[in-house]
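Coordinate inspection notes
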Amino acid sequence: MLLPILLLAAAGFTVLTTEFIIVGLLPGIARDLQVSDSQAGLLVTLFAFTVACCGPFLTAWCARFDRKRLFIGILLVFAASNALAAVASNIYVMGLARLIPALGLPVFWALASETAVDIVGPAYAGRAIAKISFGVVCATVFGIPVGTLIGDALGWRAAFAVLAVLALAKALLLYGYLPRTPRQTPASS
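Predicted model only: the values in this text are computed from it and were never measured.

What counts as what
- Residues numbered from 1 in each chain as written.
- Predicted model: local features only at pLDDT ≥ 70, side-chain atom pairs only at ≥ 80, totals over all residues.
- Heavy atoms only, no water.
- Salt bridge = Lys/Arg side-chain N within 4 Å of Asp/Glu carboxyl O.
- Helix = DSSP H or I, 4+ residues; strand = E, 2+ residues; numbered from the N terminus.
- Patch = residues over 30% accessible without salt bridge, like charges linked within 9 Å, V, L, I, M, F, W, Y side chains within 5 Å.
- Areas by Shrake-Rupley, 256 points an atom, 1.4 Å probe, with all protein chains shown as cover.
- Buried < 20%, exposed > 50% of the residue type's maximum accessible area, 1.4 Å probe, protein only.
- Phe/Tyr/Trp six-rings, centres within 6.5 Å; stacked < 30°, edge-to-face > 60°.
- Lys NZ or Arg CZ within 6 Å of the ring centre and 35° of its normal.
- Axes fitted to C-alpha atoms, helices over the stretch in contact; angles between N-to-C directions.
- Left-handed = near helix turned anticlockwise from the far one by under 90°.
- Contact = heavy atoms within 4.5 Å.
- Nonpolar A, V, L, I, M, F, W, Y, C, P; charged D, E, K, R; others polar.
- Expected span 1.5 Å × (residues − 1).

1. Re the pattern of salt bridges
- As enumerated under the stated definition, the model contains two salt bridges in all.
- Taking the shortest distance from any N to any O, the salt bridge between Asp66 and Arg180 comes out at 2.5 Å. Residue Asp66 is located in the loop between α3 (37–62) and α4 (67–86), and its partner Arg180 is located in the segment after α7 (156–177); the two are separated by 114 residues in the primary sequence.

2. Some words on a nonpolar patch on the surface
- A cluster of nonpolar residues, Val77, Leu96, Leu99, Ile100 and Leu103, forms a patch on the protein surface that exposes about 330 Å² of accessible area.
- Residue contributions to the nonpolar patch peak at four residues, all from helix α5 (residues 91–120).
- You can see Leu96 is positioned in helix α5.
- The class for Leu96 is partly exposed, based on a relative accessible area of 43%.

3. A look at the side chain of Ser81
- For Ser81, the position within the fold is in helix α4.
- A relative accessible area of 3% means that Ser81 is categorised as buried.

4. A short note on the packing of aromatic side chains
- Under the defined criterion, the tally for this structure stands at five aromatic pairs.
- An angle of 75° between the planes, with centres 5.0 Å apart, marks the rings of Trp61 and Phe65 as edge-to-face.
- Residue classification places Trp61 among the partly exposed positions, given a relative accessible area of 47%.
- Site record: aromatic cluster; members linked through ring pairs are Phe71, Phe108 and Trp109.
- In this structure, Lys68 packs its charged tip against the face of Tyr175, placed 5.6 Å from the ring centre.

5. Some details on the packing of helix α2 (residues 22–32) against α3
- For the pair α2 and α3, interaxial distance at closest approach is 9 Å and the crossing angle is 140°. For the pair α2 and α3, the crossing hand works out as right-handed. Side by side, α2 and α3 meet where Ile22, Val23, Leu26, Pro27, Ile29 and Ala30 of the first sit next to Asp37, Ala40, Gly41, Leu43 and Val44 of the second.
- For the contact of α2 with α3, the residue count by class is nine nonpolar, one polar and one charged.

6. Re the side chain of Asn82
- Relative to the helices and strands, Asn82 is located in helix α4.
- Excluding residues that lie within four positions of it along the chain, Asn82 makes contacts with Thr18, Phe160, Leu163 and Ala164.

7. Here we look at the packing of helix α1 (residues 2–20) against α4
- Running from N to C, α1 and α4 cross one another at 35°; their axes reach a closest spacing of 11 Å. The way α1 lies across α4 gives a crossing that is left-handed. Where α1 approaches α4, its residues Leu8, Ala11, Val15 and Thr18 are matched on the opposing element by Phe71, Leu75, Phe78 and Asn82.
- Per-class residue counts for the contact of α1 with α4 are six nonpolar, two polar and no charged.

8. Comments concerning α1
- In this model, α1 (19 residues) spans 27 Å end to end at C-alpha, consistent with the 27 Å of a helix rising 1.5 Å per residue.
- Among the 19 residues in α1, 14 count as buried, and that is most of the element.

In short, the description is geometric, and any link to function would need to be established separately.
Spelled out as structure tokens, the structure:
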């Protein structure tokens, strides 16, 4: 059952890279979309504010859905939003491209560890969660700098296009290899 855990970690890599890659791309985004650096910086604030405000509610609501479909759906949303960011014609379209994945990020992270434990069982829970968390480390150490290098070499739109392709590929891999786990139902009172 190692492959599904590694795929969730790889998906987490893409999700977290999508969140933070924008920081290294802000000057190019501001220049191309003809806004100030501080206005472009609001895209970071928009993402963080959306995660903080909507995350707990969306996670609680989404916890009742089939995890495999949920994770695939979230990655497809990330693919679409990164593709939208890659072709954004103005700051408003870019804002929409940042708002949409911000809704899925907390749901992914909150449910990925629980799903990993469901896959491997309680005896290997710590190892599974550590592997999922490794996606965060890889995104921070590898994904964000490489994304910024892609943005510097090929333009910021290329960095988002690469993320769109990665998210789509990981959605397809999860479709093929992530087992279905029991759906969690809220406890009845």
